[in-house]
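# Structural characterization, general
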Amino acid sequence: MAVFVALGAFLMTLVGGWTAGRVTDRRHLVLGLAGGLMLGVVGLDLLPEALEAAGGPVFGVPAALLLAVAGFLCAHVVERLLALRQAAHGGEEHDGRVPEVGLTAAAAMVGHSVMDGVAIGAAFQVGGGMGAAVALAVIAHDFADGFNTYTITKLYGNARRRAVAMLFADAVAPVVGAASTLLFTIPEQLLGGYLGFFGGALLYLAAAEILPEAHHDHPARSTLLCTVAGAGFIWLVVGLAE
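Residues numbered from 1 in each chain as written. Predicted model: local features only at pLDDT ≥ 70, side-chain atom pairs only at ≥ 80, totals over all residues. Heavy atoms only, no water.

Right, let's get into the packing of helix α1 (residues 2-22) against helix α6 (residues 160-180). Interaxial distance between α1 and α6 falls to 8 Å at its minimum, and their mutual angle equals 165 degrees. Viewed along their axes, α1 and α6 adopt a mutual orientation that is roughly antiparallel. For the pair α1 and α6, the sense of crossing is right-handed. Along the contact surface, α1 presents A2, V3, A6, L7, A9, F10, T13, L14, G17 and W18, while α6 presents L167, F168, D170, A171, V172, P174, V175, A178 and A179. Looking at the contact of α1 with α6, its residues break down into 16 nonpolar, two polar and one charged. (Axes fitted to C-alpha atoms, helices over the stretch in contact; angles between N-to-C directions. Helix = DSSP H or I, 4+ residues; strand = E, 2+ residues; numbered from the N terminus. Parallel < 35°, antiparallel > 145°, perpendicular 65-115°, else oblique. Left-handed = near helix turned anticlockwise from the far one by under 90°. Contact = heavy atoms within 4.5 Å. Nonpolar A, V, L, I, M, F, W, Y, C, P; charged D, E, K, R; others polar.)

Once that is clear, we can look at the environment of E213. With respect to the element layout, E213 can be found in helix α7 (residues 188-216). Owing to a relative accessible area of 13%, E213 belongs among the buried residues under this scheme. Separated by 185 residues in sequence, E213 and H28 have C-alpha atoms that sit 7.7 Å apart. (Buried < 20%, exposed > 50% of the residue type's maximum accessible area, 1.4 Å probe, protein only.)

Overall, the prediction assigns the protein a mean pLDDT of 79, with 83% of residues at 70 or greater. For the protein, the element scoring lowest by mean pLDDT is helix α5 (residues 128-155), at 73; strand β2 (residues 61-62) scores highest, at 90. (pLDDT = per-residue confidence, 0-100.)

As for its position among the elements, L14 is in helix α1. Sequence-wise, L14 and F143 are 129 residues apart; in three dimensions their C-alpha atoms are separated by 7.5 Å. For L14, the contacting residues outside a window of four places in its chain are L167, F168 and A171.

What follows covers the nonpolar core. When a protein is soluble and globular, its nonpolar side chains tend to lie buried together. By size, the foremost hydrophobic cluster in this structure holds 38 residues, and its most contacted members are L202, L205 and I210. Within the residue set of this core, elements represented by two or more residues are α2 (27-53), α3 (63-88), α4 (99-126), α5, α6, α7 and α8 (221-241). Sort the elements by how many residues they give to this core and α2 lands first, with ten residues. Apart from residues lying up to four places away in sequence, L205 is in contact with M38, A105, I152, Y156 and I210. Counting eleven residues, the second-largest nonpolar core is a separate cluster that includes I120, A135, A171 and V175. (Core = buried A, V, L, I, M, F, W, Y, C linked by side-chain atoms within 4.5 Å.)

This brings us to the packing of aromatic side chains. Scanning all chains against the criterion turns up two aromatic pairs. Look at F10 and F168: their rings are 6.1 Å apart centre to centre, the planes differ by 85 degrees, and that puts the pair in the edge-to-face class. Here F10, found in helix α1, pairs with F168, found in helix α6; they are 158 residues apart in sequence, far enough to count as distant. Relative to Y204, the ring of F72 has its centre 5.2 Å away and its plane inclined at 90 degrees; by these criteria the two rings are edge-to-face. Here the residue F72 occupies a position in helix α3, and Y204 occupies one in helix α7, the gap between them amounting to 132 residues. (Phe/Tyr/Trp six-rings, centres within 6.5 Å; stacked < 30°, edge-to-face > 60°.)

In this section: a nonpolar patch on the surface. Judged by side-chain polarity, L51, V58, F59, V61, L65 and L66 come together as a nonpolar surface patch covering roughly 550 Å² of accessible area. Relative accessible area serves as the criterion here: at 38%, L66 is assigned to the partly exposed category. (Patch = residues over 30% accessible without salt bridge, like charges linked within 9 Å, V, L, I, M, F, W, Y side chains within 5 Å. Areas by Shrake-Rupley, 256 points an atom, 1.4 Å probe, with all protein chains shown as cover. Salt bridge = Lys/Arg side-chain N within 4 Å of Asp/Glu carboxyl O.)

Structural data, given as structure tokens:
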């Protein structure tokens, strides 16, 4: 049942990526929506779950928040190191962005989608009702995952075929994760730490890259509304799943 439900996440991820690819003439709206979706996923979904699962405080600060800061800084450092390496070897940048950063970020999205599948499988091990609730949340927000995976890969100047390849990998990932729960389970504390770290990295990409780019050439009210709508959509999904 968990693997069957994960197929719904597979389809929803592809729909999200297809939507991102179809609205290229409204790129600023796409980026504004992607930024809102990512902020919503981090603040309303990943970090609350991480705070519950990651364990107690470290020197007075919740471990999940420390890992979120570490994820944010890690994403920044990786981007800067890749940019310096590219410049030193005479590589090309795309509007000041390094394509490898987009691929790295998309790969992190794929890893997160694997964990989505693991969450579905673990929830069904607890019971059918829990599994259905988690599956609803995962399937709904996998639209955002597909949308963001395609958008961020293209944003950094990668070819369309690479963006499609990363989108397909992101779509397959929940099925792989759900199937893996037939063999083993991940300790709750380790899963919480991962969610905190990944949330920090996503926050960096949304706040430092996607949203500034969305408003750079088109500081329109419609772009801001798309950002708010993206965050509101994730709030709705989280609320329905509770």
